[in-house]
Amino acid sequence: MAEKKDSMQELEERVMGEDDIPAPEDEYGNIHHPKKKLLTGALYTLALAAVLAAAAFFTKLFGA
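## As for the overall build of the protein
Here's step 1: From N to C terminus, the protein includes 2 helices and 0 strands.
Here's step 2: A total of 64 residues make up the protein; the buried ones form 3% of that total.
Here's step 3: For the protein, the accessible area works out to roughly 5900 Å², and carbon and sulfur atoms hold 66% of it.

## Some points on a nonpolar patch on the surface
Here's step 1: Taken together, F57, F58, L61 and F62 make up a surface patch of nonpolar side chains, about 480 Å² in accessible area.
Here's step 2: Topologically, F62 is positioned in helix α2 (residues 37-62).
Here's step 3: Judged by its relative accessible area of 64%, F62 is exposed.

## Some remarks on the packing of aromatic side chains
Here's step 1: Applying the stated criterion to the full structure yields 2 aromatic pairs.
Here's step 2: Ring geometry for F57 versus F58: centroids 5.3 Å apart, planes at 70°, classification edge-to-face.
Here's step 3: The class of F57 is partly exposed, set by a relative accessible area of 49%.
Here's step 4: Overall, the relative accessible area of 44% leaves F58 in the partly exposed class.

Definitions and limits used
Residues numbered from 1 in each chain as written. Predicted model: local features only at pLDDT ≥ 70, side-chain atom pairs only at ≥ 80, totals over all residues. Heavy atoms only, no water. Helix = DSSP H or I, 4+ residues; strand = E, 2+ residues; numbered from the N terminus. Buried < 20%, exposed > 50% of the residue type's maximum accessible area, 1.4 Å probe, protein only. Areas by Shrake-Rupley, 256 points an atom, 1.4 Å probe, with all protein chains shown as cover. Patch = residues over 30% accessible without salt bridge, like charges linked within 9 Å, V, L, I, M, F, W, Y side chains within 5 Å. Salt bridge = Lys/Arg side-chain N within 4 Å of Asp/Glu carboxyl O. Phe/Tyr/Trp six-rings, centres within 6.5 Å; stacked < 30°, edge-to-face > 60°.

Take a look at the structure:
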């Protein structure tokens, strides 16, 4: 089990990077550490509104 834990930790480090902090030249950061939090929140809100609008549209369209 210890080998599996070590391999998972190694995989996470390879995929996510060792510290998971965005590079200084990255304008927006990443999903875990956004540099522009207001923009990130606005984009999530816009995406949620689009999903809800599509759900309402298809509900009316198919008469459910």
